[in-house]
Amino acid sequence: MTAAIVGPDGAPRCPWALSTDDYVAYHDEEWGRPVHGDDALFERLCLEAFQSGLSWITILRRRPGFRTAFAGFRIEKVAAFTDEDRERLLADPGIIRNRAKIDATLANARVLAGWAAGDLDELIWSHAPDPAGRPAPKTLADVPAVTPQSTALSKELKKRGLKFVGPTTAYALMQACGLVNDHLETCVARNSG
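Each chain has its residues counted from 1, running along the sequence as written. This being a predicted model, a pLDDT of at least 70 is required before a residue's local features are given, and a value of 80 or more before pairs of side-chain atoms are given or counted; all residues contribute to the totals for chains, interfaces and linings. Side-chain figures throughout are based on the complete set of non-hydrogen atoms in the structure, without hydrogens or water.

Looking at an unreviewed UniProt entry, the chain carries the name DNA-3-methyladenine glycosylase I, with the source organism given as Streptomyces griseofuscus.

Below is the structure:
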């Protein structure tokens with residue numbers, strides 16, 4: 001039942017944000033801020049999938065390597081990756097070299113390349129819950145791992161052919177991209193940005 005914790009700068013933050021300097025910057029400047037655009041959302045979807053079973057700090061610290069390896073997560077470019085690109089990714093120490101996650105990223109890009117511009121953005125944001133119906137969490141215990149909306153988003157993404165998009169991954173995406181605001185009630189970032 002951890003509530004917001006005051007950091008060295010005197011500002012209260014979500015407790016997870018204070019474990020590393022990398023987290024402080026991510027928490028304060030990115031997490032929970034609205035993200036739009038198919039490529040930007042594709043990146044977040046991929047990174048959340050790669051995070052499955054790992055700590056987010058592992059992904060965050062390797063994000064520059066992921067961006068380089070996956071052509072900035074531009075859907076059209078990743079969709080055109082060849083078998084040689086796949087082998088390059090499997091050998092790249094700058095990313096998580098998980099065959100299933102790499103294959104899912106490539107397959108998802110190929111699916112999304114067939115969608116009209118803006119379709120991914122529209123689909124994801126259509127699952128944002130009404131913020132008026134979501135009280136600000138007081139402690140980490142109040143923050144769910146899965147919601148009906150993340151379950152529905154996961155089902156829709158899977159129905160349309162995407163992989164590694166379970167309800168927990170979908171909810172993490174919703175948190176990271178600002179569809180929900182899970183900054184704790186007294187967190188400095190809750191009402192900023």
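Resuming the write-up.
Asks: Would you mind going over the UniProt feature "binding site: Zn(2+)" (unreviewed entry) in the chain with me for this structure?
Replies: The UniProt record annotates "binding site: Zn(2+)" (unreviewed entry) at C14, H27, H183 and C187. The largest pairwise C-alpha distance within this set of annotated residues, which runs over 174 residues, is 10.2 Å, so the set is compact in three dimensions. Numbering goes from the N terminus for both helices and strands, where a helix is a DSSP run of H or I of at least four residues and a strand is a run of E of at least two. Structurally, the position occupied by C14 is in the loop between β2 (12-13) and α1 (21-29). Among residues more than four places away in sequence, those in contact with C14 are H27, D182, H183, L184 and C187. By the element assignment, C187 lies in the segment after α9 (167-176). With sequence-adjacent residues up to four places away left out, C187 is seen in contact with A4, P12, R13, C14 and H27. UniProt positions are given in the numbering used here, feature names are shortened, and annotations may be inferred rather than shown by experiment. Contacts were defined at the residue level, with two residues in contact if any of their heavy atoms lie within 4.5 Å.

Asks: Mind showing me how you'd approach the pattern of salt bridges here?
Replies: Pairs may arise between side chains of opposite charge once their charged atoms sit close together. The salt bridge definition used is simple: a Lys or Arg side-chain nitrogen within 4 Å of an Asp or Glu carboxyl oxygen. In total, this model carries 13 salt bridges according to the counting rule given. In this structure, the salt-bridge partner of E43 is R44, at a minimum N-O distance of 3.9 Å. Since its relative accessible area comes to 7%, E43 is described here as buried. Overall, the relative accessible area of 18% leaves R44 in the buried class. With a closest N to O distance of 2.5 Å, D103 and R86 form a salt bridge. One end of the pair, D103, is in helix α6 (residues 99-113); the other, R86, is in helix α5 (residues 83-90), and 17 residues separate them in sequence. Within the structure, one salt-bridge network assembled from shared partners comprises D9, R13 and D28. Residue burial is assigned from relative accessible area. The probe radius is 1.4 Å, only protein chains are included, and a residue is buried under 20% of its type maximum, exposed over 50%, and partly exposed in between.

Asks: I keep staring at the nonpolar core and nothing clicks. Help me out?
Replies: Nonpolar side chains in soluble globular proteins tend to be buried together. Residues belong to one nonpolar core when they are buried, are Ala, Val, Leu, Ile, Met, Phe, Trp, Tyr or Cys, and are joined through side-chain atoms within 4.5 Å. Counting residues in hydrophobic clusters, the biggest one holds 47 residues, and the most contacted among them are F42, F66, F70, L89, I102, L120 and L157. When residues no more than four places from it in sequence are discounted, the contact partners of L89 are A69, F70, F81, I95, R97, I102 and L106. A4, C14, L184 and A189 belong to the second largest nonpolar core, which has five residues in total.

Asks: Any chance you could explain α9 here in plain terms?
Replies: Within α9, eight of the ten residues are buried, which leaves the element mostly enclosed by the surrounding structure. For α9, the set of buried residues is T169, A170, Y171, A172, L173, M174, Q175 and A176. In the core, the buried residues of α9 are packed alongside α1, α2 (38-51), α7 (119-125) and α8 (148-159). Residue G178 follows α9 closely and has a positive phi angle near 80 degrees.

Asks: Got a minute to help me understand the environment of L41 in this structure?
Replies: With respect to the helices and strands, the residue L41 is situated in helix α2. Exposure remark for L41: the relative accessible area of 0% places this residue in the buried category. For L41 and D142, which are 101 residues apart along the polypeptide, the C-alpha to C-alpha distance reads 26 Å. Beyond its immediate stretch of four places on either side in the chain, L41 contacts V35, H36, L120, D121, I124, W125, L173 and C177.

Asks: Which parts of the structure should I look at to understand the state of the cysteines?
Replies: A covalent bond between the sulfur atoms of two cysteines is referred to as a disulfide. Two cysteine sulfurs form a disulfide in these notes if their separation is within 2.5 Å. Inspection of every chain in the model, using the stated rule, returns zero disulfides. Lacking any disulfide linkage, C46 is separated from the closest cysteine sulfur, that of C177, by 11 Å. The class for C46 is buried, based on a relative accessible area of 3%. With no disulfide partner, C187 has as its closest neighbouring cysteine sulfur the one in C14, 3.8 Å distant. Under the relative-accessibility criterion, C187 is labelled buried at 5%.

Asks: I tried to follow α5 on my own but got confused; where do I start?
Replies: Listed as buried for α5 are D85, R86, L89 and L90. The arc enclosing the buried residues of α5, seen along the axis, measures out at 140 degrees, which places them on a common side. Picture the helix axis, draw a direction to every C-beta atom, and the arc is the one those directions span.

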